[in-house]
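Structural characterization, general
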Amino acid sequence: MDALPFLQTSHLLLFLVGVISALLVWKNRGRPTGFERLPPGPPPIPVLGNILQIDIKQPYKTYMELSQRFGPVCTIWLGPKPVVILSGLQTLRDALVTQGEEFSDRAAYPMSMKITRGYGILASNGHRWREIRRYAVTTLKNFGMGQRSIEQRVQEEARSLVKAFAEHEGAVFQPSEDLGKAVSNIICSIVFGQRFEYDDPDFLMLYSTVCTYFHVLCSPIGMLYNIFPGIMEYLPGKHRHMFAMLQKFREYVRRQSDIRLKHLDANSTPRDYMEAFLIKVVQEKDAPNSEFHYNNLLGSVWSLFSAGTETTSSSLRQMLLLMIKYPQIQARVQEEIDEVIGQDRSPSMEDRLKMPYTDAVIHEAQRNMDIAPISVPHKVAVNTEFKNYYIPKDTTVFPLLSSVLYDPRLWKNPNNFDPENFLDEEGRFKKNDGFVAFGLGRRVCLGEGLARTELFLFTCSLLQRFTFVGTRPAEEIDTNPTCSSFGRMPRTYQCYAKPRA
Ligand code: HEM
């Protein structure tokens, strides 16, 4: 879609929403009390706060500029609410690790609250979050024991992905759909115990619901919904279509739960995440205040789908775009694949230790992409003293991951795509504490291990079989991701997957 009309529509909507809000709060105007010792920031205007000062196409750039102007802890008003922006590795550690108890609650985003009602992992807090997160972490680990491990599931899917790419027979195509389906299928395999064919109607429903959710969340409509939910509920737009799709997603999960409940055997090894969770529901049915009930099962399934699909598939999409832009880097990765894995077997995670260059390229693609500039927003769980400021309970906090991933003090070459950022002089893989693409502290990405497995095995499997070539000369390819209020997404592109001899 042409960017300009899109922007105009969003500004018009913003204006309308502003006028309606101004009327609604007419009697209550004025700066609320209790915010006197908030960290510094630009002065807000009534109702709209600072939103007219935000670069709507790249909000994180505004946050970076503000933190340079006002310091590593500063405040911006999004509509009538203050948001504290944290920047720099030390400040993020001080807040999310040292004062993790205060800074680890999840901000209640209206869109995600409407979908999850605070159940599951991603949007829950307190006792519920601790219980359900701990359970998810252990269950995902246990899937490596006694049955097909997560690595085997990813290897199986990688073979299907290679097959799907081969079916394009060297003709031009858009890789986003195949990559998205492969990644989504991994979550299906974990949650429902089976992978689907890419044209299966149930699978297409699950996959397109998550895609639509992400698309809306990252659009100006999504941003407006999260600032003015009460008003947006009554306005037309694609958010309404998304909520209707989500209803179908819920009905499918309910049907799957009913099927498992009919034959549930608490003494057998669970075949998938849903079955494992349902066994726990049965075991704890008489325990007072147990968090193991259907709402948290549905919420967990949604957390895994929503957090685990677009993140990984976008990272892979960006990875291939970078390979197209830098053919010499692609050739070096292929050389390492040929040396360590060869052409006769599937890549495995053991290979990674012997492939420092490939490992560095994958890390660097993630660093450079900076997929979640403000992480997934947090809030303070209680009234909080932090670096001589006072942040009232429930204030939203943006951990500005971009400020670390692009910090010139941490990276040799922060502004370019340069695998040397992760290599030492001898060409060995070099860890860097500034690699915070998965967040940090108690809320750190729960799927980090899975995502790393997918990124390595999918990348190696694809580059083992194909060389990726663009439809335009390398110098004309723009690898800067597009940006929204939530994330940075790779640009849409077409390419050729040329089978390797
Ligand atoms: C390249 C891929 C991925 C990236 C860059 C990524 C990044 C992130 C980030 C930045 C957060 C927020 C951390 C915070 O709140 O401080 C997060 C949370 C989360 N991620 Fe990921 N993620 C990826 C893949 C996955 C996958 C594959 C899964 C599925 C298993 C997953 C599940 C989650 C969940 C459930 C949370 C919420 C954790 C909580 O609230 O306690 N992510 N991720």
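Above: the structure in question.
Residues numbered from 1 in each chain as written. Predicted model: local features only at pLDDT ≥ 70, side-chain atom pairs only at ≥ 80, totals over all residues. Heavy atoms only, no water.

Glancing now at the nonpolar core. Looking at soluble globular proteins, one finds that nonpolar side chains tend to be buried together. Residues Tyr 63, Phe 165 and Phe 468 are the most contacted members of the largest nonpolar core, which totals 128 residues. If we skip the residues at most four places from it in the chain, Phe 165 touches Phe 173, Pro 175, Asp 178, Leu 179, Leu 320, Leu 462, Phe 466, Phe 468 and Ala 497. Counting 21 residues, the second-largest nonpolar core is a separate cluster that includes Leu 86, Leu 96, Ile 391 and Tyr 406. (Core = buried A, V, L, I, M, F, W, Y, C linked by side-chain atoms within 4.5 Å. Buried < 20%, exposed > 50% of the residue type's maximum accessible area, 1.4 Å probe, protein only. Contact = heavy atoms within 4.5 Å.)

Neighbouring the ligand are 26 residues, the closest being Arg 106, Trp 129, Arg 133, Arg 443 and Cys 445. At a separation of 2.8 Å, an oxygen atom of the ligand approaches a polar side-chain atom of Trp 129. One nitrogen or oxygen atom from the side chain of Arg 133 is found 2.7 Å from an oxygen atom belonging to the ligand. Residue assignment for the shell around the ligand shows that the elements contributing at least two residues are α6 (126–142), α14 (294–308), α15 (310–325) and α19 (448–465). Looking at the shell around the ligand residue by residue, the class counts come to 13 nonpolar, 9 polar and 4 charged. (Near = heavy atom within 4 Å. Polar contact = N/O pair within 3.5 Å; in protein donor to acceptor, adjacent residues only side chain to side chain. Helix = DSSP H or I, 4+ residues; strand = E, 2+ residues; numbered from the N terminus. Nonpolar A, V, L, I, M, F, W, Y, C, P; charged D, E, K, R; others polar.)

It is worth spelling out the pairing of strand β1 (residues 73–78) at this point. Of all 6 residues in β1, 6 are buried, a share of seventy percent or more. With burial as the criterion, each face of β1 is covered, one bearing Val 73, Thr 75 and Trp 77 and the other bearing Cys 74, Ile 76 and Leu 78. Here 6 bridges tie β1 to strand β2 (residues 81–87), and the two strands are oriented antiparallel to one another. Residue pairing across strands places Leu 78 opposite Lys 81, the latter belonging to β2. Here β1 hands over to β2 after 2 residues, with Gly 79 in that stretch at a positive phi of 65 degrees. (Pairing = 2+ DSSP bridges.)

Once that is clear, we can look at the coordination of the iron atom of the ligand. In this structure the iron atom of the ligand is ligated by exactly one protein donor, Cys 445 (SG), at 2.3 Å. For Cys 445, the position within the fold is in the loop between α18 (402–405) and α19. (Donors = N, O, S within 2.8 Å, 3.2 Å for Na, K, Ca; no water.)

A full pass over the atoms with the stated rule returns 26 aromatic pairs. Between Phe 192 and Phe 305, the aromatic rings sit 6.0 Å apart at their centres with planes inclined by 40 degrees, giving tilted as the arrangement. Linking Phe 192 in helix α8 (residues 176–192) with Phe 305 in helix α14, this pair joins segments that are 113 residues apart in sequence. By relative accessible area, Phe 192 is classed as buried at 3%. Consider the rings of Tyr 213 and Trp 302, whose centres lie 5.1 Å apart with planes at 75 degrees: the pair is edge-to-face. Here Tyr 213, found in helix α9 (residues 201–217), pairs with Trp 302, found in helix α14; they are 89 residues apart in sequence, far enough to count as distant. This pair shows no difference in class: Tyr 213 is buried, exactly as Trp 302 is. Aromatic rings pair up to connect Phe 192, Tyr 213, Phe 249, Tyr 252, Trp 302 and Phe 305 into one cluster. (Phe/Tyr/Trp six-rings, centres within 6.5 Å; stacked < 30°, edge-to-face > 60°.)

Here the focus is the sheet that holds β2. Reading across from one edge, β1-β2-β7-β4-β3 is the order of the 5 strands in this open sheet, with mixed pairing throughout. On the outer flanks of this sheet lie β1 and β3 (105–106), each paired with one strand and no other. Helix-sheet contacts for helix α2 (residues 59–70) involve β1, β2 and β7 (396–400), and the interaxial angle to β1 is about 135 degrees. (Axes fitted to C-alpha atoms, helices over the stretch in contact; angles between N-to-C directions.)

Let us now look at the environment of Pro 327. Within the fold, Pro 327 resides in helix α16 (residues 327–340). It is 57 Å that separates the C-alpha atoms of Pro 327 and Asn 289, two residues lying 38 residues apart in sequence.

With respect to the secondary-structure elements, Glu 275 resides in helix α13 (residues 273–283). Along the sequence, Glu 275 and Thr 492 sit 217 residues apart, while their C-alpha atoms lie 37 Å from each other. If near-sequence neighbours (up to four positions away) are discounted, Glu 275 is found in contact with Arg 260, Leu 264, Thr 269 and Pro 270.

For the rest of this paragraph, the subject is α15. Helix length check: α15 (16 residues) gives 22 Å between terminal C-alpha atoms against 22 Å at 1.5 Å per residue, within 8%. Burial of α15 is extensive: 15 of the 16 residues sit out of reach of the surface. (Expected span 1.5 Å × (residues − 1).)

Look at α9 against helix α12 (residues 238–262): their axes get within 9 Å of each other, and the N-to-C directions meet at 140 degrees. Crossing of α9 over α12 shows left-handed handedness. For the pair formed by α9 and α12, the contact residues are Asp 202, Met 205, Leu 206, Ser 208, Thr 209, Val 210, Thr 212, Tyr 213, His 215 and Val 216 on the first element and Lys 238, His 239, His 241, Met 242, Met 245, Leu 246, Lys 248, Phe 249, Tyr 252 and Arg 255 on the second. For the contact of α9 with α12, the class distribution of residues is 10 nonpolar, 6 polar and 4 charged. (Left-handed = near helix turned anticlockwise from the far one by under 90°.)

Here we come to the state of the cysteines. With the rule as written, the count across this model stands at 0 disulfides. Lacking any disulfide linkage, Cys 495 is separated from the closest cysteine sulfur, that of Cys 460, by 18 Å. (Disulfide = S-S within 2.5 Å.)

Now for helix α17 (residues 356–369). With 14 residues, α17 ought to run about 20 Å at 1.5 Å a step, and its terminal C-alpha atoms sit 20 Å apart, in line with that. Across the 14 residues that make up α17, a large majority, 13, are buried. Trailing α17 by a residue or two, Asp 370 shows a phi angle of about 55 degrees, which is positive.

Attention now moves to the packing of α12 against α13. For any two helices packed against each other, one specifies the inter-axial angle together with the distance between the axes. Direction vectors running N to C along α12 and α13 enclose 65 degrees, while the axes themselves pass 10 Å from each other. The hand of the α12/α13 crossing is right-handed. Here Val 253, Gln 256, Ser 257, Arg 260 and Leu 261 of α12 come into contact with α13, specifically with Met 274, Glu 275 and Leu 278. Partitioning the contact of α12 with α13 into residue classes produces 4 nonpolar, 2 polar and 2 charged.

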